[in-house]
Amino acid sequence: MLTNYIKIAWKVLLRHPFYTFITLFGISLTLTVLMVLTSFIDHIIGSHYPETNRDRSLYIEKMALRDSSRTSQNTGPMSFKFLTQYAKSLKTPEKVTITSFFRTSNAYAGSQKIKLNTKYTDAAFWEVMNFTFLEGKPYNDQNIRNGELVAVITDDFRRQYFSDLSEPVVGKDIEVESVHYKVIGVVKGSPPTRFFSYADIYFPYTVPKSNYEQDDIMGGYVAVILAKKASDRKAIQDEFQDKIRRIPLPGNRNGFKYAMLEVGCAPYLESVLSIFMEGGPQVKVIFYSVIAFLMLMLMGLPAINLVNVNVSRIMERSSEIGIRKAFGAPIRTLLMQFIVENIFITFIGGSIALLLTLITIYFINNSGWIAYADLTINLNVFLVSIGVCLIFGLLSGVAPALRMSKLSIVEALKS
Amino acid sequence: MITLTNIEKVYRTSTIETLALNNINLHIGQGEFASIMGPSGCGKSTLLNIIGLLDAPSKGGISVGGQPVTSYSDQELARLRNQRLGFIFQSFHLINDLSVLDNVEIPLLYRKQISGTQRRQMAQEALERVGLSNRVKHFPKQLSGGQKQRVAIARAIVGRPEIILADEPTGNLDSVMGNEILSILQGLNTDGATIVMVTHDEAMAKKTHRLIRLFDGTMVGDTTLTLC
Ligand SMILES: Nc1ncnc2c1ncn2[C@@H]1O[C@H](COP(=O)(O)OP(=O)(O)OP(=O)(O)O)[C@@H](O)[C@H]1O
Ligand SMILES: [Mg+2]
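A. Main features of the overall build of chain B. Across its full length, chain B holds seven helices and ten strands. In terms of overall dimensions, chain B is globule-like: its C-alpha atoms have a radius of gyration of 17 Å, near the 17 Å expected for 228 residues. Structurally, chain B occupies a C-alpha span of about 45 × 40 × 35 Å along its principal axes. A buried classification covers 44% of the 228 residues belonging to chain B. Counted over contacts in chain B with a minimum sequence separation of 6, partners at least 24 positions apart contribute 68%.

See the structure below:
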């Protein structure tokens, strides 16, 4: 029976190429946009290389100092010293790394100028982040204590800087801003959208110009805390805030008298959003609301279109319904037929969308638009989008079909 | 076979009430070939639709094979139509999206035990019976009126129903085509089918066994015809 319904559905679709096209176009375009968008969001906020531990990490990336009247404030990253004292000393986490945000710099391969980003990190950085080493190894605490001029570089930088790629580059020399470093390791690079891990060259924090000894509470460093398990994060946040509360207030930073000192220690999304927006954990709610609204709009317009097309498609077939009923089709069977038709077309649309999404993602990943882009299709998102489309398809198909099937046979045959 | 008792059909619109059928008592026996005649608007189609369980009367009872069906559900009525009745309409009512073969298969789709191969074979046989076995892949739009009506007859007989109901089956056809359709119906009747046909054509009615005359919703005549 089901194959019969599908056969009829297939024939109906083929006999109405225009409606079929409009419907399929609506469904597949909607689903494609939805899936590409979500895979993009997932690329930005999900746990991906090398930040695969995001779901059990906390980020300390911003400090805000305010005066008592709240009229002026200083906000920004913190000093190495501050983070060593308040973050590195935490007892609950498995690991804490202190790293600078990336800084732009230049290097020269022959006369060719290479624009690059550098980062100063501690040794724990290589344990909190999950980099793949293509050559060599990371620097360790010993290298750092000795103030060795070593560097970990990315494969991209290796290709740009070294002309001869036939032999390993570990042990070779690179020159950045007139300082010579020895390459100690080569990693597969991280996309620039993951700014806690992204850079072209990583230096131990004890190399020149890192400013790690700066005697200030603010500076150019952030910390990433790796909890033993995701559920430990609450306890870590409490332990951290407890330490922060003990900092004597008011304080004085280079003449700026502050009465309040706030440091966030939050999961990834919250933490990143707070860079752009003020307002604690609620920003996450706002973010998700905006996304949900966008998706609803994206789904809504084609859904209305789908309903319209379905209604006129079914109304046009009232005589067919009359005929089928006259020859013994029960209402239930006719409803099933329309439902199957809708499900069928939704699945065709879904398959087209899946294909289009794969193609789009392939092009994004290979266009170099985002270096090291690794967008993937999120299966959950795919299933949910198919589900939503199905619900719209059903609603838009069942309502007019129910109306039609209730129409008396004689009436249906007259039209 | 089919018995109508005290049938009344009233159409109500916001402005007027039409008494389309008034106190109709009628028994159609097995193997009969009956025709219904009367002026336009006298209730012929209404009567045929009620006999065929396509429409419900406002009052009165119907029984099929001695079984009253007045209280039947949609599903039970559908099954009855599917297994025991076949319809032929003046304007053919073929589904334009479907091929000739698929159109003829329709009644069989709603029978459970029939496989696809069986269905195709039965449809093919029915089309042979009406002389259209070479048109199975055509679509209704590619056929003449007479061919369409023959497809419609094939669809009506494909499930081998006991009763065939035809509402002016030749009304849209010329006399040659009309006679051809009539002779197909006569052949079916000879093979045992009960047929009730609405017609405007006195000559055609004369070729059936029984002539029922309607006027303004009332039965005004019921003659058994002896064939000459
Ligand atoms: N759905 C309806 N609503 C209101 N009145 C109707 C409806 N269907 C039929 N009628 C009325 O019932 C009466 C009988 O109609 P019916 O179609 O049975 O006539 P008929 O004898 O078949 O006519 P014709 O020879 O033109 O086909 C007519 O007066 C018609 O106007
Ligand atoms: Mg009529």
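B. Representation of the domain arrangement of chain A in the model. Residue and element names in this part refer to chain A. Under the domain assignment, chain A is made up of domain 1 (2-47 + 285-414) and domain 2 (62-263). Here the C-alpha centre of domain 2 lies 48 Å away from the C-alpha centre of domain 1. Every contact between the two is made by seven residues of domain 1 and, on the other side, six residues of domain 2. Class assignment of the residues belonging to the side of domain 1 that touches domain 2 gives a composition of five nonpolar, one polar and one charged.

C. Focus on the sheet that holds strand β9 (residues 210-215) of chain B. All names here are of chain B. Within the open sheet, the six strands sit side by side as β6-β7-β8-β3-β9-β10. Their pairing is mixed. In the strand order of this sheet, the two ends are held by β6 (85-88) and β10 (218-224), each with one partner. With direction set aside, neighbouring strand axes in the sheet form an average angle of 15°. Strand direction decides the pairing type here: strand β3 (residues 33-37) and β9, joined by four bridges, are parallel. Of the residues in β9, the one forming a bridge with S35 is L211. Those strands touched by helix α5 (residues 145-157) are β6 and β7 (163-167), and its axis lies near 170° from that of β6.

Conventions used here
- Residues numbered from 1 in each chain as written.
- Chains lettered and ligands numbered in written order.
- Predicted model: local features only at pLDDT ≥ 70, side-chain atom pairs only at ≥ 80, totals over all residues.
- Helix = DSSP H or I, 4+ residues; strand = E, 2+ residues; numbered from the N terminus.
- Rg over C-alpha atoms; globule rule 2.2 N^0.38 Å.
- Buried ≥ 20, exposed ≤ 12 C-beta atoms within 10 Å, placed from the backbone.
- Contact = placed C-beta atoms within 7 Å.
- Domains from an automatic or database assignment.
- Nonpolar A, V, L, I, M, F, W, Y, C, P; charged D, E, K, R; others polar.
- Pairing = 2+ DSSP bridges.
- Axes fitted to C-alpha atoms, helices over the stretch in contact; angles between N-to-C directions.

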